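Summary of the model geometry
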Amino acid sequence: MQIQPILAALRQHKAGTVLIALQIALTLAIVCNALFIIHQRVTHLSEPTGIDEANLFVIGNQWADQSSAQQVDAQMQADLATLRQLPAVRDATASNSYPLVGGGWDDFITMTPDQVQKTTDASVYFGDTHFLDTLGLKLIAGRNFRPDEVAPMSPHEVVTPPVVIVTRALADKLYPDGSALGKSFYAMSATPTTIIGIVARLQRSEVDTWSRPYAYQALIWPRRLDGTVGTNYIVRAKPGQLEAAMREAKQGLIAQNRMRIIDPKDGVLSFAQVRHRAYDSDRGTAILMGIICAVLLVITGAGIIGLTSFWVGQRRKQIGIRRALGATQRDILHYFQTENLLIAGAGVALGAILAVGLNLWMMKQLAMDRMSLLYVLAGVVVLLLLGQGAVFAPALRASRVSPVEATRTV
Amino acid sequence: MLKMTHLSKVYRTEVVETYALRDFNIDVKEGEFVAVMGPSGSGKTTFLTIAGLLESFTGGEYLLDGADVSGLGDNARSKIRNEKIGFVFQSFNLIPDLNVHDNVEVPLRYRGMKSAERQQRIKESLERVGLASRMKHYPAELSGGQQQRVAIARALAGSPRLLLADEPTGNLDTQMARGVMELLEEIHREGATIVMVTHDPELAARAQRSVHIIDGQAVDIAEEPRFHAQPRRVEVAAEGGAG
């Protein structure tokens, strides 16, 4: 390989060489991180919540009149009884929140009442005895709530219920030896709560970046939230009867009591719609990042084509001389390919450092996860292939320069 | 060494055919120093490019070192250029991005020669032209005469069987030209076959034999002791064959 003379020649074209290497480096740094973000977002889009999404829908219910908390509680019990009697409905419950809705109630968890630093974080759901069945949660240890454990609760009330059902992720976090059942913890309160049941999986309500480390850490209090400002009914249809159940539910509630507001546009949402809305920004970010990657790669490829074409034009006579001195067409092709490999090699070496640096900066500033070096490796391969692809056409043109060019005087 | 018989080169466009060489005959023996002369547009450069396998020809036969080169592919022609032919061009044709050492090394690398042998040959050929001390200089840092000496060193490094020189002193002042000619004569005395295209009768007179190209045909002017400017014998190559 004629690496040394190529390097010697490149030293005479520092500006173009450095610029294209820098372009490759920046592209690599950005593309690696963008691909990492895209992958994270796309993975996020398909993460299972642990609930029976295919048969679930939610109803956002607002009251049209002013009623007391007791009256609303009674009305909600009547609504739930109505929903549960519908032919297409398997079960129904009311809750303060549900997975992927965004926002919600979050508690710091400690193992002792006077602990200053939290042990971990958990999303809080209120649920009655129908909560597990309605959401399709799999109870893997312990038991469900008893009716006598379920009580109304105001959002402003800071009284920790004595019993709780937690997800396996939370149980394992609190008691890594697997002995969580029957044990207790503290949830922003001086009174402990005892774990009476563990469900396999239940995703928290938030989908924000900060909550990702705790994505499946959730707990269920045996409480009925004071629904005076409105409530969420979560309804599980019988298999294959989702659409019918959604129709029946709305009609049934209105028939039960007309003094309510259910938004005609998004008052009743299937869980597929909830998921779509929840990850709207993730999807948008992934698409945007994808476009940025594509544009950057195109610009870099065009830059390489442009520079190589310029150099081929500039060195036409030189190529003719090389051909006259015995270079074959393949020698000339390899010359430009090797030259590109050397420039791209320098670019990706610098780009790999920049990529890791950018990721570290985003980890610190934007709470991003650490990027696997596989992304950098993949980026390096992509950029090197892009370079070789981009240089091929001009290099092929160069290889076709006739040796008789050497005799041209201009 | 170099024998062309009834060779022709035609440049065709949609409307016209132009004969650069027509029924061209020449025979250069091994060890000869032949000057090729002729007016502008007579076909001198076309002859040289065909002789150097830089360009293909349209008809006729060309034997180089006894081998017919008519139907050779590009790779074979490149190999012959690299191994058997040395070029010295009017405008030196050094690669400006490479220093003297690397310029001389170019044909040796294409031959796939090992590094140690390359270095030995580069050193020897640059010593021969008196520029061994300028190995790290770039062409732009050398005078015209020095650049042409580097080009000659590059041509010699590969030990070619045939040296083709295209107006080798055309871009040099008198003093530098004299130095380059003396170098070519010295190389010839050592046994090299040289074909030199020139328009300068004084330079041509220093060759063993001169061939005039007129309207694409070779006319052998002289085969005489060197340093005679006056032609002694004229034969139209197309009719009688070169001398």
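Keep in mind it's a predicted model, so treat the numbers as computed, not measured.

This brings us to the overall build of chain A. For chain A, the helix and strand inventory stands at eleven helices and 14 strands. The C-alpha atoms of chain A give a radius of gyration of 32 Å, which is well past the 22 Å a tight globule of 410 residues would have.

So, on to the overall build of chain B. Scanning chain B from terminus to terminus reveals eight helices and eleven strands. Over its C-alpha trace chain B gives a radius of gyration of 18 Å, about what one expects of a compact globule, namely 18 Å for 243 residues. With respect to the three principal axes, the spread of C-alpha positions in chain B is 50 × 40 × 35 Å. By residue count, 56% of the 243 residues in chain B fall in the buried class. Looking at chain B alone, contacts between residues at least 24 apart form 64% of all its contacts between residues at least 6 apart. Surface summary for chain B: the accessible area is close to 10300 Å², and the carbon and sulfur share equals 47%. If the 29 positive side-chain charges of chain B are averaged to one point and the 34 negative ones to another, these points end up 5 Å apart.

In terms of domain boundaries, chain A breaks down into domain 1 (3-45 + 281-407) and domain 2 (65-258). The gap between the C-alpha centroids of domain 1 of chain A and domain 2 of chain A is 53 Å.

All names here are of chain B. With a phi close to 45°, Asp23 is a non-glycine residue in the positive phi region. The residue Asp23 is located in strand S2 (residues 17-28) in this model. In this structure, Phe92 is a non-glycine residue whose phi angle is positive, near 65°. One can find Phe92 in the loop between strand S6 (85-88) and helix H3 (100-110).

With that settled, the discussion passes to the side chain of Thr27 of chain A. Residues and elements named next belong to chain A. When you line up the elements, Thr27 lands in helix H2 (residues 14-45). Within the structure, the side chain of Thr27 is placed 2.7 Å from the backbone oxygen of Gln23, a separation counted as a polar contact. In contact with Thr27, not counting residues within four places along its chain, are Leu296, Leu297, Thr300 and Leu383.

Residues and elements named next belong to chain A. For Leu202, the location among the structural elements is in the loop between strand S9 (193-199) and strand S10 (218-221). When the C-alpha positions of Leu202 and Thr167 are compared, they lie 6.3 Å apart, and in sequence the two are 35 residues distant. Those residues in contact with Leu202, other than ones at most four positions away along the chain, are Thr49, Ile51, Pro99, Tyr125, Phe131, Leu135, Leu137, Thr167, Ala215, Tyr216, Ala218 and Ile220.

A few words now on the interface of chain A and chain B. By a widely used convention, the size of an interface equals the accessible area lost when the partners come together. Every contact between the two is made by 26 residues of chain A and, on the other side, 25 residues of chain B. Carbon and sulfur atoms supply 56% of the area that chain A and chain B bury against each other, a total of about 2300 Å² over both sides. When the area that chain A buries against chain B is broken down by residue, the three leading residues are Arg322, Leu325 and Thr407 of chain A, summing to 25%. Viewed at the interface, chain B and chain A are joined by one salt bridge. A salt bridge links Arg323 of chain A to Asp74 of chain B; its shortest N-O distance comes to 2.7 Å. Inspection of the region where chain A meets chain B yields twelve residue pairs in polar contact (both at pLDDT 80 or more). Secondary-structure elements contributing two or more residues to the side of chain A that touches chain B are helix H1 (3-11), helix H9 (316-324) and helix H10 (329-366) of chain A. Here the side of chain A that touches chain B takes six residues from H9 of chain A, the largest share from any one element.

Successive side chains on a regular strand alternate, one facing one side of the sheet and the next facing the other. All names here are of chain B. Within strand S3 (residues 33-37), five of the five residues are buried, leaving the element largely enclosed by the surrounding structure. Residues of S3 alternate between two faces, with Phe33, Ala35 and Met37 on one and Val34 and Val36 on the opposite face, all of them buried. The pairing of S3 with strand S8 (residues 193-197) spans four bridges and is parallel. Bridging across to S8, Ala35 finds its partner in Met196. Pairing of S3 with strand S9 (residues 209-214) involves four bridges; the strand directions are parallel. The partner of Val34 across the bridge, within S9, is Arg209.

On to the pattern of salt bridges, then. All names here are of chain A. What the rule picks out here adds up to 33 salt bridges over all chains. A salt bridge links Glu339 to Arg315; the nearest nitrogen and oxygen atoms lie 2.9 Å apart. Taken together, the residues span a long stretch of sequence, with Glu339 in helix H10 and Arg315 in the loop between helix H8 (280-314) and H9 at a distance of 24 residues. One connected set of salt bridges, linked through shared partners, spans Asp52, Arg90, Asp133 and Arg236.

It is worth spelling out the packing of helix H4 (residues 115-128) of chain B against helix H5 (residues 144-157) of chain B at this point. Residues and elements named next belong to chain B. The geometry of H4 relative to H5 is characterised by a closest axis approach of 9 Å and an angle of 135° between their N-to-C directions. When the interaxial angle is binned, H4 and H5 end up oblique. At the point where H4 passes H5, the crossing takes the right-handed sense. The segment H4 lies against H5, with Arg121, Ser125, Leu126 and Arg128 engaging Ala153, Leu156 and Ala157. For the contact of H4 with H5, the residue count by class is four nonpolar, one polar and two charged.

Now for the packing of aromatic side chains. All names here are of chain A. Here the structure, examined in full by the defined rule, presents eight aromatic pairs over all chains. The interplanar angle of 75° and the centroid separation of 5.5 Å between the aromatic rings of Tyr335 and Phe336 together place this pair among those described as edge-to-face. Of the two residues, Tyr335 and Phe336, both sit in the buried class. Above the face of the Tyr216 ring, Arg201 is positioned so that its terminal group lies 4.2 Å from the ring centre.

Turning our eyes to something else, we now look at the state of the cysteines. Residues and elements named next belong to chain A. Taken as a whole and judged by the stated rule, the model has zero disulfides over all chains. The thiol sulfur of Cys32 is not disulfide-bonded, and the nearest other cysteine sulfur, from Cys293, lies at 8.9 Å. Owing to a relative accessible area of 5%, Cys293 belongs among the buried residues under this scheme.

With that settled, the discussion passes to the environment of Ala64 of chain A. Residues and elements named next belong to chain A. Among the secondary structure elements, Ala64 is positioned in the loop between strand S1 (56-63) and helix H3 (69-85). By relative accessible area, Ala64 is classed as partly exposed at 42%. Not counting residues within four places of it along the chain, the set of residues in contact with Ala64 comprises Met259, Arg260 and Ile261.

A contiguous nonpolar surface patch, about 630 Å² in accessible area, is contributed by Val18, Leu22, Leu26, Ile30, Leu288, Ile292, Leu350 and Leu354 of chain A. Within the element layout of this structure, Ile30 of chain A appears in helix H2.

Conventions we followed
Residues numbered from 1 in each chain as written. Chains lettered and ligands numbered in written order. Predicted model: local features only at pLDDT ≥ 70, side-chain atom pairs only at ≥ 80, totals over all residues. Heavy atoms only, no water. Helix = DSSP H or I, 4+ residues; strand = E, 2+ residues; numbered from the N terminus. Rg over C-alpha atoms; globule rule 2.2 N^0.38 Å. Buried < 20%, exposed > 50% of the residue type's maximum accessible area, 1.4 Å probe, protein only. Contact = heavy atoms within 4.5 Å. Areas by Shrake-Rupley, 256 points an atom, 1.4 Å probe, with all protein chains shown as cover. Lys, Arg positive; Asp, Glu negative; His and termini not counted. Charge placed at Lys NZ, Arg CZ, Asp CG, Glu CD. Domains from an automatic or database assignment. Polar contact = N/O pair within 3.5 Å; in protein donor to acceptor, adjacent residues only side chain to side chain. Buried area = accessible area lost by both parts, 1.4 Å probe. Salt bridge = Lys/Arg side-chain N within 4 Å of Asp/Glu carboxyl O. Pairing = 2+ DSSP bridges. Axes fitted to C-alpha atoms, helices over the stretch in contact; angles between N-to-C directions. Parallel < 35°, antiparallel > 145°, perpendicular 65-115°, else oblique. Left-handed = near helix turned anticlockwise from the far one by under 90°. Nonpolar A, V, L, I, M, F, W, Y, C, P; charged D, E, K, R; others polar. Phe/Tyr/Trp six-rings, centres within 6.5 Å; stacked < 30°, edge-to-face > 60°. Lys NZ or Arg CZ within 6 Å of the ring centre and 35° of its normal. Disulfide = S-S within 2.5 Å. Patch = residues over 30% accessible without salt bridge, like charges linked within 9 Å, V, L, I, M, F, W, Y side chains within 5 Å.

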